[in-house]
Amino acid sequence: MADVVQERAGVAVLVCDPAGPKVATTADALDLIGAAFLGAQVVALPASRLDADFFSLGTRFAGEVMQKFVNYRLRLAVVGDISAHLAASAALRALVHESNRADHVWFVADLDALDARLAAVPR
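Residues numbered from 1 in each chain as written. Predicted model: local features only at pLDDT ≥ 70, side-chain atom pairs only at ≥ 80, totals over all residues. Heavy atoms only, no water.

**Quick notes on the pattern of salt bridges**
As enumerated under the stated definition, the model contains 3 salt bridges in all. Here arginine 8 and aspartate 115 are joined by a salt bridge, their closest N and O atoms 2.8 Å apart. Within this pair, whereas arginine 8 is found in strand 1 (residues 4–8), its partner aspartate 115 is found in helix 5 (residues 111–120), the two being separated by 107 residues in sequence. (Salt bridge = Lys/Arg side-chain N within 4 Å of Asp/Glu carboxyl O. Helix = DSSP H or I, 4+ residues; strand = E, 2+ residues; numbered from the N terminus.)

Here it is as structure tokens:
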């Protein structure tokens, strides 16, 4: 499956292929943002596509990627199980908790959880 724009809960979402290339640089994140500009409001990125540096907050990679999405007014949904990363880092747990309370970057278990989150957002 290639990355594809789907309507999910009434919102255009770029659903990224789990087998696609790793997001290992900010340029990779900008490529996703560019693809989303074809009509998506949200990018649903499998956690497995994120380089390990994303989950190691000392690298600042997560902050750089998240800020790119905020700057371009796109939502980012990291989709998948990140429990191993959360168990290893209290800072990451705090980041995920705070992100999920806001509107720009969400961490969700699966696409069904994303659908529920999108349905709950006022338009």
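**Considerations on the pairing of strand 2 (residues 11–15)**
A large share of strand 2 lies buried, amounting to 5 of its 5 residues. Neither face of strand 2 is open: one carries Val11, Val13 and Val15, the other Ala12 and Leu14, and all of them are buried. With 5 bridges joining them, strand 1 and strand 2 adopt antiparallel strand pairing. Across the sheet, glutamate 7 pairs through a bridge with alanine 12, a residue of strand 2. Taking the residues between adjacent antiparallel strands as the criterion, strand 1 and strand 2 are bridged by 2 residues, where alanine 9 takes a positive phi near 55°. Note that strand 2 and strand 3 (residues 42–46) share 3 bridges and pair parallel. Counted as the bridge partner of leucine 14 is valine 43 from strand 3. Each parallel crossover has a hand, and the one from strand 2 via helix 1 (residues 26–36) to strand 3 is right-handed. (Buried < 20%, exposed > 50% of the residue type's maximum accessible area, 1.4 Å probe, protein only. Pairing = 2+ DSSP bridges. Right-handed = clockwise from strand over helix to strand, strands pointing away.)

**Let's talk about the packing of helix 1 against helix 2 (residues 61–71)**
Axis separation between helix 1 and helix 2 bottoms out at 10 Å; the angle between their running directions is 25°. On the basis of their axis angle, the class for helix 1 and helix 2 is roughly parallel. Our pair here, helix 1 against helix 2, has a crossing hand that is right-handed. Counting all contacts with helix 1, which are made through Thr26, Ala29, Leu30, Leu32 and Ile33, the residues of helix 2 involved are Phe61, Glu64, Val65, Lys68 and Phe69. Across the contact of helix 1 with helix 2, the residue classes break down as 7 nonpolar, 1 polar and 2 charged. (Axes fitted to C-alpha atoms, helices over the stretch in contact; angles between N-to-C directions. Parallel < 35°, antiparallel > 145°, perpendicular 65-115°, else oblique. Left-handed = near helix turned anticlockwise from the far one by under 90°. Contact = heavy atoms within 4.5 Å. Nonpolar A, V, L, I, M, F, W, Y, C, P; charged D, E, K, R; others polar.)

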